[in-house]
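# Structural characterization, general
Each chain, written out:
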Amino acid sequence: MTDTEKQPIFSERTRRELHERRVLVLDGPLDDDNGTLLTTQLIALAAENPSADISLWIHSPGGSVSSMLAIRDVMRLVPCDVSTLVLGIAYSAGQFLLSSGTPGKRRALPHSRVLMHQGSAGIGGTAVDIELQADDLRHTRDTVLGLIARDTGQPVERIFEDSLHDRWYTAQEALDYGFIDAIVQDFAEITPEVTPR
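Here, residues in each chain are numbered from 1, in the same order as that chain's written sequence. Where totals are concerned, whole chains, interfaces and linings use all residues; where local detail is concerned, this predicted model gives features only for residues with pLDDT of at least 70, and gives and counts side-chain atom pairs only at 80 or more. Excluding hydrogens and water, the side-chain figures rest on all heavy atoms present in the structure.

### Notes on the pairing of strand β2 (residues 54-60)
This is how the line gets drawn: Only protein chains enter the accessibility calculation, which uses a 1.4 Å probe. A residue is then buried if its area is under 20% of the maximum for its type, exposed if over 50%, and partly exposed in between. Secondary structure elements follow DSSP: runs of H or I no shorter than four residues count as helices, runs of E no shorter than two count as strands, and numbering proceeds from the N terminus. Note on pairing: two strands pair once DSSP finds at least 2 bridges between them. A right-handed crossover is one whose linking path, passing over the helix from the first strand to the second, runs clockwise when the strands point away from the viewer.
For β2, the tally of buried residues reaches six of seven residues, placing the bulk of the element in the interior. The pairing of strand β1 (residues 23-27) with β2 spans five bridges and is parallel. Across the sheet, residue D27 finds its bridge partner in β2, namely H59. Once the chain exits β1 it traverses helix α2 (residues 32-48) before rejoining the sheet at β2, and the crossover so formed is right-handed. Here β2 pairs with strand β3 (residues 82-91) via six bridges, running parallel. Residue pairing for β3: S55 is matched across the bridge by S83. After leaving β2, the chain enters helix α3 (residues 65-77) and then returns to the sheet as β3, a path that is right-handed.

Given below as structure tokens:
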């Protein structure tokens, strides 16, 4: 088999099997396409069984702010709990989604890394356009930082200061900060359950 004939490591079959166990995976950058997919999958799984947990596994360098806010809105809207797990990295939007999980059900593998920072945006155009874009960016920043404060239990002032520059956290530091509730120690903690259809 040549390189061009190789199947992707994380195939559609694997995704489908995980989906059947109510596990969704953000693997890679969050964009409008996979953000919409994750949002609609959350809604569909919750409609299918409103009492069974949904798991969101994260290995992501971050990405779309609008997508992460939409996913969080749906995570909080659905009647079932949404547990989160960082598999390797949860940076930026990945960190936001990780800490947005149901309190008590947010976990990290022992050697995971979490990154928090303020989002950035390309601003350009006329002076009026720049002023409007800056106002919108401030509104989005304040919204995101306020939600992180709520999810972690940290004062919003500390979140603002800590997010001014890239700040990395080990799994233990993420636990101490409030991004997660536990560091995975046992396979049973993350084993997807087989739910009846």
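### Considering α2
Defined as follows: Residue count minus one, scaled by 1.5 Å, sets the expected span of a helix. The directions considered for the arc run from the helix axis to the C-beta atoms.
Helix length check: α2 (17 residues) gives 24 Å between terminal C-alpha atoms against 24 Å at 1.5 Å per residue, within 8%. Taken together, the buried positions of α2 are G35, L38, T39, Q41, L42, L45 and A46. All buried residues of α2 fall inside an arc of 165° around its axis, so they share one side. Every exposed residue of α2 that faces more than 90 degrees away from the buried side is listed here: D33 and A47.

Read these as layout, nothing more, since geometry by itself doesn't imply function.
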